[in-house]
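This is what each chain is made of:
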Amino acid sequence: MTHPGNQKPPGSSWITDHFAERALQDHGSGWTALWDTKSNVLWDRGKPSPALIDLIEQREDLFQPLKANGRRKKALVPGCGQGYDVVMLALHGFDVYGLDISATGISAAHDYAFNELQKPQEYNFRERKSCSTAPGSVTFIQGDFFKPDWEQTALEGGEVQFDIIYDYTFLCALHPDMRQQWSKRMWELLQCDGYLVCLEFPLYKDPMLPGPPWGLQGVHWDLLARGGDGVANIGLAPEIANEDQLMGQFKRVLYVKPARTYESGIGTDMLSIYARK
């Protein structure tokens, strides 16, 4: 599309341009190319999510690292990047799997975890400064979230489902046409009594503007609770009172504004927890 004075359309940037001409099936290689050219520094936060740390430490009723039988709970972080959240969750006692499509990203995550697990930095904790439970294991997997190839690595006791799945910037990196696949895949990978934790970002961005990152205001509720496509009806108010009657496969357990979050999301980020119906 041509714009007056050869100006870029509203909301466009070099990263939106990077994906604009790529077919949907080539978006994975697009992210790999950014990692390979060290462009990941533009979205690297440099530390684990403060909002997730607070949630894990303050809501022990939901996030005990051990099951009733004494086995550790398994957590998955898709699009794990450098692995900050993976290591932090392991330091809180979970067995954690970090998944990323980029081999370069996974290599960087291995290096980070090797050093961090030996001498954890204070930013991994808030109130505890340490965990009463011994650290869990860390496993990084290079693979495509939407394909089953990587699941064999995460098999334990014959099950590939997870007790916790954490999404921060994974959904906002996906083209809107892939949102329903994201929701379906989350349902497949989450234990019946598990929790999908979403740090909803970016909520300040108009969902109609090009991405990535794509604006997600209203998207999580529409996909997970309403059972929509995450596009057409995201502007509708959540039907809180009638949630049990909605067609979505998830119910929302918690929806709060985090007291702490990354600088880019201060004042707008929301933290949501969903469970399978």
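- As recorded in an unreviewed UniProt entry, the chain goes by the name Thiol methyltransferase, listed as coming from Penicillium cf. griseofulvum.

**Some remarks on the side chain of arginine 185**
Part 1 of the argument: Assignment of secondary structure puts arginine 185 in helix H7 (residues 179-189).
Part 2 of the argument: Of the residues examined, arginine 185 reaches a relative accessible area of 7% and is grouped as buried.
Part 3 of the argument: A polar contact is formed between the side chain of arginine 185 and the backbone oxygen of phenylalanine 145, at a distance of 2.6 Å.
Part 4 of the argument: Dropping the residues within four chain positions of it, arginine 185 is found in contact with Phe145, Phe146, Lys147, Pro148, Trp150 and Glu151.

**Focus on the sheet that holds strand S1 (residues 74-78)**
Part 1 of the argument: Taken in spatial order, the seven strands of this open sheet run S3-S2-S1-S4-S5-S7-S6, and their pairing is mixed. In this open sheet, the two edge strands, each paired with only one partner strand, are strand S3 (138-142) and strand S6 (250-256). Strand-to-strand twist of the sheet, defined as the mean angle between neighbouring strand axes without regard to direction, takes the value 20°.
Part 2 of the argument: Docked against the sheet, helix H5 (residues 103-118) engages strand S2 (95-100) and S3, running at close to 170° with respect to S3.
Part 3 of the argument: Across the sheet, helix H8 (residues 219-226) touches strand S5 (190-200), S6 and strand S7 (270-276), and the angle it forms with S7 is around 10°.

**Overview of the pairing of S7**
Part 1 of the argument: Where burial is concerned, most of S7 is hidden: seven out of the seven residues are buried.
Part 2 of the argument: Along S7, one buried face is formed by Met270, Ser272, Tyr274 and Arg276 and the opposite face, lined by Leu271, Ile273 and Ala275, is buried too.
Part 3 of the argument: Sheet analysis places S5 next to S7, joined by five bridges and oriented antiparallel. Looking across to S7, one finds that leucine 199 is bridged to leucine 271.
Part 4 of the argument: Inspection of the sheet shows S6 paired to S7 by six bridges, in the antiparallel sense. Bridge pairing in S7 places phenylalanine 250 opposite arginine 276.

**Some remarks on H5**
Part 1 of the argument: Taking 1.5 Å per residue, 16 residues should reach 22 Å; H5 reaches 23 Å between its end C-alpha atoms and fits that length.
Part 2 of the argument: Among all positions of H5, only Gly105, Ile106, Ala108, Ala109, Tyr112, Ala113 and Glu116 are buried. In a view along the axis of H5, the buried residues occupy a sector of 155°, so they form one face of it. Exposed residues pointing more than 90 degrees away from the buried face of H5 are listed as Phe114 and Gln118.
Part 3 of the argument: Against helix H2 (27-36), helix H4 (84-91), S2 and S3 lie the buried residues of H5.

**Concerning H4**
Part 1 of the argument: Here H4 lies mainly inside the structure; eight of its eight residues are buried.
Part 2 of the argument: If you check which residues of H4 are buried, you get Tyr84, Asp85, Val86, Val87, Met88, Leu89, Ala90 and Leu91.
Part 3 of the argument: Against helix H3 (50-58), S1, S2, H5, S3 and strand S4 (162-167) lie the buried residues of H4.
Part 4 of the argument: Phi for glycine 93, located one or two positions after H4, is positive at around 100°.

**Here's the deal with the packing of aromatic side chains**
We describe a pair of aromatic rings using the distance from one ring centre to the other and the angle between the two ring planes.
Part 1 of the argument: All chains considered together, the criterion is met by eleven aromatic pairs.
Part 2 of the argument: When the ring of tyrosine 84 is compared with that of tyrosine 112, the centres are 4.9 Å apart and the planes differ by 75°; the resulting orientation is edge-to-face. Pair noted here: tyrosine 84 is in helix H4 and tyrosine 112 is in helix H5, with a separation of 28 residues, a long-range link.
Part 3 of the argument: Tyrosine 112 sits in the buried class, given a relative accessible area of 11%.
Part 4 of the argument: Relative to tyrosine 262, the ring of tyrosine 168 has its centre 5.2 Å away and its plane inclined at 35°; by these criteria the two rings are tilted. Of this pair, tyrosine 168 sits in the loop between S4 and H7 while tyrosine 262 sits in the loop between S6 and S7, and the two are 94 residues apart along the sequence.

**As for the state of the cysteines**
Part 1 of the argument: Evaluated as defined, the whole model comprises zero disulfides.
Part 2 of the argument: You can see cysteine 80 has no disulfide; the closest cysteine sulfur is in cysteine 172, sitting 15 Å from it.
Part 3 of the argument: Look at cysteine 80 and you get buried, because its relative accessible area is 10%.
Part 4 of the argument: No disulfide involves cysteine 198; its nearest neighbouring cysteine sulfur is the one of cysteine 172, lying 11 Å away.

**Brief notes about the packing of H3 against H4**
Part 1 of the argument: As a packed pair, H3 and H4 sit with axes 11 Å apart at the nearest point and diverge in direction by 15°. What the angle tells us is that H3 and H4 run roughly parallel. In the packing of H3 onto H4, the handedness of the crossing is right-handed. On the side of H3, the interface is formed by Leu52, Ile53 and Ile56, while H4 contributes Asp85, Met88 and Leu89.
Part 2 of the argument: Considered class by class, the residues forming the contact of H3 with H4 number five nonpolar, no polar and one charged.

Reading guide: rules and limits
- Once a new chain begins, its residue numbering starts again from 1 and follows that chain's sequence as written.
- Residue-level local features of this predicted model are given only where pLDDT is at least 70; pairs of side-chain atoms are given and counted only at 80 or more, and the full residue set underlies all totals for whole chains, interfaces and linings.
- Hydrogens and waters are ignored; side-chain quantities use all the structure's heavy atoms.
- Put simply, DSSP H or I for four residues or longer makes a helix, DSSP E for two residues or longer makes a strand, and each gets a number counted from the N terminus.
- Relative accessibility thresholds used throughout: buried, under 20% of the residue-type maximum; exposed, over 50%; partly exposed, between the two (1.4 Å probe, protein chains only).
- Contacts described as polar in this section are N or O atom pairs within 3.5 Å, which, within protein, must combine one atom able to donate a hydrogen with one able to accept it, while residues neighboring in sequence count only if both atoms come from side chains.
- Should any heavy atoms of two residues lie within 4.5 Å, those residues are considered in contact.
- For two strands to count as paired, DSSP must find a minimum of two bridges between them.
- Axes, fitted as lines to C-alpha atoms, cover a helix only where it is in contact. Angles between the N-to-C directions of the axes lie from 0 to 180 degrees.
- The span expected for a helix works out to 1.5 Å for each residue beyond the first.
- Read the arc as the range of directions from the helix axis to the C-beta atoms.
- Aromatic rings from Phe, Tyr and Trp, taking only the six-membered ring of Trp, are treated as a pair when their centres fall within 6.5 Å; an angle between ring planes under 30 degrees marks them as stacked, one over 60 as edge-to-face, and anything in between as tilted.
- Defined by distance alone, a disulfide is two cysteine sulfur atoms within 2.5 Å.
- Should an angle lie under 35 degrees it is considered roughly parallel, over 145 roughly antiparallel, and from 65 to 115 roughly perpendicular; all remaining angles are considered oblique.
- The hand of a helix crossing depends on one turn: near helix anticlockwise from the far one by less than a right angle means left-handed, and clockwise means right-handed.
- Basically, the charged four are Asp, Glu, Lys and Arg, the nonpolar ten are Ala, Val, Leu, Ile, Met, Phe, Trp, Tyr, Cys and Pro, and anything else, Gly included, counts as polar.

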